[in-house]
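Chains, contacts and geometry: an overview
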Amino acid sequence: MESRIRIVPINALDVAFLDRLVPTLEERFLCSVSMERTLAVPRSALNSTRQQLFLSTLLTRVRRAHPEGGGIFLAITDFDLYKTSHRFIYGDADEQQGMAAVSLHRLRSEFYGEGPDANLLFQRLLKECVHELGHAFGLKHCYNARCAMYYSNSIFETDNKMSHFCDACDRRITRARNER
Ligand SMILES: [Zn+2]
Ligand SMILES: [Zn+2]
């Protein structure tokens, strides 16, 4: 198992806010977590009709910025993400490539017409990061609606789940860690 998680902020994001992820992810995944330099992705990279960023476009850019590889890359962006056959995604991961991405766009309460809520936003971001990193570490979706590996189709499902794994997923990730 890759023993390092590397967070790549896309464009200007609140660094102090993102930094809160580091100790929590270290505790969840028992590996080191580092904050990499910000990667600039211009609006011209968006699909001009959808005004959304195609997931593969983002992952390719992150990969190109870090040709040395080493570790699992977690890109965090304010752009709304989509992939083929999905109107939008909160995030996604590629286990083979060791890449994950999470979008803040639909995690913000402002998206739902409510006032900003930094703590709620952090909890949502943490849950989606744990979920996508779980995939990057080989976990599949879980049917336990409270587990971080539950597939959220809506923000209500994200709010309903925990930012950590259920016992079964926890055992799976521990087993995967011990096998490498
Ligand atoms: Zn998933
Ligand atoms: Zn689970």
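Residues numbered from 1 in each chain as written. Chains lettered and ligands numbered in written order. Predicted model: local features only at pLDDT ≥ 70, side-chain atom pairs only at ≥ 80, totals over all residues. Heavy atoms only, no water.

**Topic: helix α2 (residues 21-29)**
Listed as buried for α2 are L21, V22, T24, L25, R28 and F29. What you see down the axis of α2 is that its buried residues fit within an arc of 170°, all on one side. Phi for L30, located one or two positions after α2, is positive at around 50°. (Buried < 20%, exposed > 50% of the residue type's maximum accessible area, 1.4 Å probe, protein only. Helix = DSSP H or I, 4+ residues; strand = E, 2+ residues; numbered from the N terminus. Arc of directions from axis to C-beta.)

**Points about the packing of aromatic side chains**
Within this structure, the stated rule accounts for six aromatic pairs. Taken together, a centroid distance of 5.8 Å and an interplanar angle of 85° make the contact between F17 and F122 edge-to-face. Here F17 is found in helix α1 (residues 15-19), whereas its partner F122 is found in helix α4 (residues 118-136), with 105 residues between them in sequence. Overall, the relative accessible area of 4% leaves F122 in the buried class. (Phe/Tyr/Trp six-rings, centres within 6.5 Å; stacked < 30°, edge-to-face > 60°.)

**Looking at the coordination of the zinc ion (ligand 1)**
Taken together, the protein ligands of the zinc ion (ligand 1) are H131 (NE2), H135 (NE2) and H141 (NE2), with distances of 2.0 to 2.1 Å. Spacing between the donor residues of the zinc ion (ligand 1) along their common chain follows H-x3-H-x5-H. Judged by its relative accessible area of 16%, H135 is buried. (Donors = N, O, S within 2.8 Å, 3.2 Å for Na, K, Ca; no water.)

**Quick notes on the nonpolar core**
The biggest cluster of nonpolar side chains holds 39 residues, and the ones touching the most others in it are L21, L25, F29, L74, I76, L125 and F165. For this core, the secondary-structure elements that each account for two or more residues are β1 (4-9), α1, α2, β4 (72-77), β8 (99-103), α4 and α6 (167-179). Of the residues forming this core, the biggest block, eight residues, is contributed by α4. Listed in part, the 18 residues of the second largest apolar core include L53, L81, I89 and M99. (Core = buried A, V, L, I, M, F, W, Y, C linked by side-chain atoms within 4.5 Å.)

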